[in-house]
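Descriptive structure summary
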Amino acid sequence: MHSRSRFPVARLAATAALALATLALGVPSAQAADTDRASHRAPDDPFVVTLSSDVSRTDFTHRKVKLSGTVTRADGTPVAGAPVKLHKAVLFNTWNPWGDPIDPIERETLPLGTLHTDAEGKFKVSGVPADRWLDRDSVHLFPRHEVEFQASYDPGDPSDGHFYFAETTVGVRSVDSSLTYKVNKKKVRAGDTLVVTGKVTWPAGHGPVAGTRVLLRTYYESAYNAKATTDARGNFTVRAKIRGYDRDFVIFSTPKDYYITGASESLPVTNVTPRPRPAA
């Protein structure tokens, strides 16, 4: 994967300290190596950057990868001592019920630091987490279960916006969760309060369920209109005041752990509020 010009996400922080060298070594070798290297290289690029991961997919208990790559000139000559900035992005789907031509992907991004190529133009680092790094819930609600890694090399003026990069994406094999529910009424009118109670669960040994967000959507243009969090047993109660135009009733969970899949259910609720008559 090679490219020239600008990163598709924020430019890597030049001052990021390299903590990667101290990360623990080793990723299970039973997982398949990542050999998918889609090229972004322009015909006149004087430099080529490559990047790959030793695995194409991670799972709940194996969340780290080994990254390796090269920096060469167009004729294949290695570039020794080249500073290579590493970066990762945890990917989410964009909420977009309108079909507008917007970016379908949201990102949580993190600079990982800088490595330097060896005499053969190679670089590598082990034990890189393919995971979120924030303890708080994400502002994004719909995980793609993919982590994108990027490497960039800037041989010239750092302010000119021209550099060379490569990227590779690692899939996340997530653990399924489930959601059960009850509604206080199946027919609602404007002014009613819809109350949904239920429980979120996932297999034991995969972290606590307590504090998982449960979101209720009542209108199709909103990702959600009401929310609650689960208690220590995974139980929740979420309430929404019904409006005349609320006619899309869906409840879903958003686990904090990127390696747990949220659950979603369409509710058997109908809004019987008469629709406004069109003007004559």
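Just above sits the structure.
The following refers to the structure shown. Numbers given for residues are sequential positions, taken from 1 along each chain in its written order. Totals for whole chains, interfaces and linings use every residue, but because this is a predicted model, local features are given only for residues with pLDDT of at least 70 and side-chain atom pairs only at 80 or more, for both listing and counting. Side-chain measures here rest on the full set of heavy atoms in the structure, leaving out hydrogens and waters.

1. Here we look at the pairing of strand β14 (residues 213–217)
For every residue, the accessible area (1.4 Å probe, protein chains only) is compared with the maximum for its type, and the residue is labelled buried under 20%, exposed over 50%, or partly exposed between those bounds. Helix and strand definitions here come from DSSP, where helices need a minimum of 4 consecutive H or I residues and strands a minimum of 2 consecutive E residues; each element is numbered from the N-terminal end. The buried count for β14 comes to five of five residues, which makes it a mostly enclosed element. Neither face of β14 is exposed, since R213, L215 and R217 on one face and V214 and L216 on the opposite face are all buried. Strand pairing is assigned whenever DSSP detects at least two bridges linking the two strands. Pairing of β14 with strand β15 (residues 226–229), which is carried by four bridges, proceeds in the antiparallel orientation. Residue pairing for β15: R213 is matched across the bridge by T229. Sheet analysis places β14 next to strand β17 (residues 250–254), joined by five bridges and oriented antiparallel. Bridge assignment links L216 to a residue of β17, and that residue is I251.

2. Quick word on the pattern of salt bridges
Salt bridges are defined by distance alone: a side-chain nitrogen of Lys or Arg within 4 Å of a carboxyl oxygen of Asp or Glu. One pass over the full model with this rule turns up eleven salt bridges. A network of salt bridges, in which partner residues are shared, links R63, D131 and D257.

3. Focus: the nonpolar core
Buried residues of nine kinds, namely Ala, Val, Leu, Ile, Met, Phe, Trp, Tyr and Cys, make up a nonpolar core once their side-chain atoms join them within 4.5 Å. Core analysis: the biggest nonpolar cluster contains 55 residues, and F149, L194, L216 and I251 have the highest contact counts within it. Broken down by element, this core gets its largest block of residues, six residues, from strand β5 (residues 83–93). Throughout, a contact is declared for two residues whenever any of their heavy atoms are within 4.5 Å. Beyond its immediate chain neighbours, meaning those up to four positions away, L194 contacts V183, N184, K185, V188, L216, V238, R239, A240, I242, F249, L267 and V269. Among the nonpolar cores identified, the runner-up in size contains five residues, and L141, A223, V250 and F252 belong to it.

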